[in-house]
Amino acid sequence: MDASTDTVLSQKLRELPQIDPPANGWQLIQAQVALAAPREKRRSLDGTAWLGMAASAVLAAVLLTMEPPRPAAVVAPGQVAIDADVLALMQRSQALEADIRRASTPDVDEFRFAIEAAIQDELTLVDVGLASTAKPDRTLWAERVRLLEELRTVSQTDTGTLLMQASVD
Amino acid sequence: MTASTFAIEVPDLLIARARRRDLGAFEQIYRLFNRPVYTLALRILNHESEAFDVLQDTFLKAYEQLESYRFDAPFWAWLRKIAVNAALGRVRGRRDFIELEAIEEHGGDDPLQAATSAEVAQLLQRLPTVSRAVLWLYHVEGYSHEEIAQSFERSVSFSKSQVARAGAKLRALLAEDEIWTPAPIPC
């Protein structure tokens, strides 16, 4: 068989399907890029980068200080009745936010910042969903609680442990 | 000849955004190329964990070196070069440079004609790492013998003989009907 014209083998090898890498590939790269970012920023930090970071910080602050969507209104007379389990989720949500506010520190490293920003992005989506529903949605409130618990865990975990978890996941 | 699986056109604007350290843009590039990079690494190294490392190494290096990309060649070719270098770096690290001996081929029907993809994938795993890498770069990625020789820091005749012998070995294994049951690996 002439290797240079071995079209059968070429075809057979090319027909092999592509393979998906593990799903956490991007998260690991993102985390490592975030770790490398401070060095790069020291070299050249332009106004746009500062603007982006400031915007993210403001968004984070707003998310952590804002009231959960409509929790007070739902218990008022004449308003939509709320199931007991949804009310419990709302209260849990408020308690978690208080915990996170207490645990927050001004000095956040890049890796932690990236993780918290990702969770806060998801929280924003949930809050948009909650704000657009007339009746409190149990699934969305449960998701809000789950994300806040995740955020609280991150805020209470040292960066070294977070890095180890990221490399294992 | 079908183009490489890497041959995906990337808009210059997306590359420019990634060069400005826009992580969203770089994530889009990752989503476009993560399968070709991982597939190349896994087919060459036959080891999931090492292939995943190659995937990470490739994109981290690409992110670091994006500013050196000059737009004068396709982006995919630039990225593929990084991926191939990362994979071959691990091939060299294995230090199992077993080279296949010449195998006498018999005439008649080509047993590969009827082989399934699963069989071909299994047979590929049974080749020595270097032969597998040479075979993959030549037949799938369309590397020339000169490019392979350069990548391995060997002669052109090394590339030619490995391509020929690896092909013959695959056919011999298939003809022996000794499809080995390997560790689970997607085909």
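Before any of the text, the structure's been laid out above.
So, a few notes on the structure that sits alongside this text. (Residues numbered from 1 in each chain as written. Chains lettered and ligands numbered in written order. Predicted model: local features only at pLDDT ≥ 70, side-chain atom pairs only at ≥ 80, totals over all residues. Heavy atoms only, no water.)

**With respect to the overall build of chain B**
Next, step 1: Secondary structure assignment for chain B yields eight helices and zero strands.
Next, step 2: The buried share among the 187 residues of chain B stands at 49%.
Next, step 3: Contacts in chain B between residues far apart in sequence, at least 24 positions, make up 72% of those at least 6 positions apart.
Next, step 4: Looking at chain B as shown, the accessible area adds up to about 8,900 Å², and 49% of this sits on carbon and sulfur atoms. (Helix = DSSP H or I, 4+ residues; strand = E, 2+ residues; numbered from the N terminus. Buried < 20%, exposed > 50% of the residue type's maximum accessible area, 1.4 Å probe, protein only. Contact = heavy atoms within 4.5 Å. Areas by Shrake-Rupley, 256 points an atom, 1.4 Å probe, with all protein chains shown as cover.)

**Observations regarding the packing of aromatic side chains**
Aromatic ring pairs are described here by two measures, namely the spacing of the ring centres and the angle between the planes.
All names here are of chain B.
Next, step 1: Under the criterion given, the structure shown has 11 aromatic pairs over all chains.
Next, step 2: Relative to Phe 59, the ring of Tyr 30 lies with its centre 4.9 Å away and its plane at 65 degrees, an arrangement referred to as edge-to-face. Taken together, the positions of Tyr 30 in helix 2 (residues 23–45) and Phe 59 in helix 3 (residues 48–65) put the pair 29 residues apart, joining distant regions of the chain.
Next, step 3: Using a relative accessible area of 0% as the deciding quantity, one classes Phe 59 as buried.
Next, step 4: Seen from their ring centres, Tyr 69 and Phe 71 are 5.0 Å apart, and the 55 degrees between their planes marks the pair as tilted.
Next, step 5: Positioned above the aromatic ring of Tyr 63, the side-chain terminus of Arg 21 is 4.4 Å from the ring centre.
Next, step 6: Seen from the ring of Phe 158, Arg 154 lies directly overhead, with NZ or CZ sitting 4.2 Å from the centre. (Phe/Tyr/Trp six-rings, centres within 6.5 Å; stacked < 30°, edge-to-face > 60°. Lys NZ or Arg CZ within 6 Å of the ring centre and 35° of its normal.)

**A word on the packing of helix 2 of chain B against helix 6 (residues 129–139) of chain B**
Residues and elements named next belong to chain B.
Next, step 1: One way to put it is that helix 2 packs onto helix 6 with a least axis distance of 8 Å and a crossing angle of 140 degrees. If you check the angle between helix 2 and helix 6, you find them oblique. Residues Thr 39, Leu 40, Arg 43, Ile 44 and Leu 45 of helix 2 pack against Thr 129, Arg 132, Ala 133, Trp 136 and Leu 137 of helix 6.
Next, step 2: Residues that form the contact of helix 2 with helix 6 fall into these classes: six nonpolar, two polar and two charged. (Axes fitted to C-alpha atoms, helices over the stretch in contact; angles between N-to-C directions. Parallel < 35°, antiparallel > 145°, perpendicular 65-115°, else oblique. Nonpolar A, V, L, I, M, F, W, Y, C, P; charged D, E, K, R; others polar.)

**Some words on the interface of chain B and chain A**
Interface size, as often reported, equals the accessible area lost upon joining of the parts.
Next, step 1: If you look at the interface, chain B gives 46 residues, while chain A gives 27 residues.
Next, step 2: Interface area, chain B with chain A, both sides summed: about 3,400 Å², of which 64% is carbon and sulfur.
Next, step 3: Run the count over chain B and chain A and you get two salt bridges.
Next, step 4: Salt-bridge contacts for Arg 35 of chain B lead to Asp 20 of chain A; the nearest nitrogen and oxygen are separated by 2.7 Å.
Next, step 5: Put simply, chain B and chain A have 14 residue pairs in polar contact (both at pLDDT 80 or more) between them.
Next, step 6: Elements with a contribution of two residues or more to the side of chain B that touches chain A: helix 2, helix 3, helix 5 (117–125), helix 6 and helix 8 (156–175) of chain B. (Buried area = accessible area lost by both parts, 1.4 Å probe. Salt bridge = Lys/Arg side-chain N within 4 Å of Asp/Glu carboxyl O. Polar contact = N/O pair within 3.5 Å; in protein donor to acceptor, adjacent residues only side chain to side chain.)

**A few points about the environment of Arg 21 of chain B**
Next, step 1: Take Arg 21 of chain B: it is sitting in the loop between helix 1 (12–19) and helix 2.
Next, step 2: Expressed as a C-alpha distance, the spacing of Arg 21 of chain B and Glu 64 of chain B, which sit 43 residues apart in the sequence, is 9.6 Å.

**Things to note about the pattern of salt bridges**
Next, step 1: This structure, assessed with the given rule, holds 14 salt bridges over all chains.
Next, step 2: The shortest N-O distance in the salt bridge between Glu 149 of chain A and Arg 92 of chain A comes to 3.0 Å. One end of the pair, Glu 149 of chain A, is in helix 6 (residues 138–155); the other, Arg 92 of chain A, is in helix 4 (residues 84–103), and 57 residues separate them in sequence.
Next, step 3: On the basis of relative accessibility, which here comes to 29%, the residue Glu 149 of chain A falls in the partly exposed class.
Next, step 4: With a relative accessible area of 32%, Arg 92 of chain A lands in the partly exposed category.
Next, step 5: Put simply, Asp 57 of chain B and Arg 90 of chain B hold a salt bridge, and the shortest N to O gap is 3.3 Å. A residue pair is termed long-range when its members are at least 10 positions apart, and Asp 57 of chain B in helix 3 and Arg 90 of chain B in helix 4 (residues 75–94) qualify at 33 residues.
Next, step 6: Classification of Arg 90 of chain B by relative accessible area gives partly exposed; the value is 24%.
Next, step 7: In this structure, a network of salt bridges that share partners links the residues Glu 50, Asp 53, Asp 57 and Arg 90 of chain B.

**Side note on the packing of helix 2 of chain B against helix 4 of chain B**
Residues and elements named next belong to chain B.
Next, step 1: Closest axis-to-axis distance for the helix 2/helix 4 pair is 10 Å, and the angle between their directions is 30 degrees. Between helix 2 and helix 4, the interaxial angle falls into the category roughly parallel. The way helix 2 lies across helix 4 gives a crossing that is right-handed. For the pair formed by helix 2 and helix 4, the contact residues are Ile 29, Phe 33, Val 37, Leu 40, Ile 44 and Leu 45 on the first element and Phe 75, Trp 76, Leu 79, Ala 83, Val 84, Ala 87, Arg 90, Val 91 and Arg 94 on the second.
Next, step 2: Here the contact of helix 2 with helix 4 is composed, by residue class, of 13 nonpolar, no polar and two charged. (Left-handed = near helix turned anticlockwise from the far one by under 90°.)

Distances and angles like these do not, on their own, reveal function.
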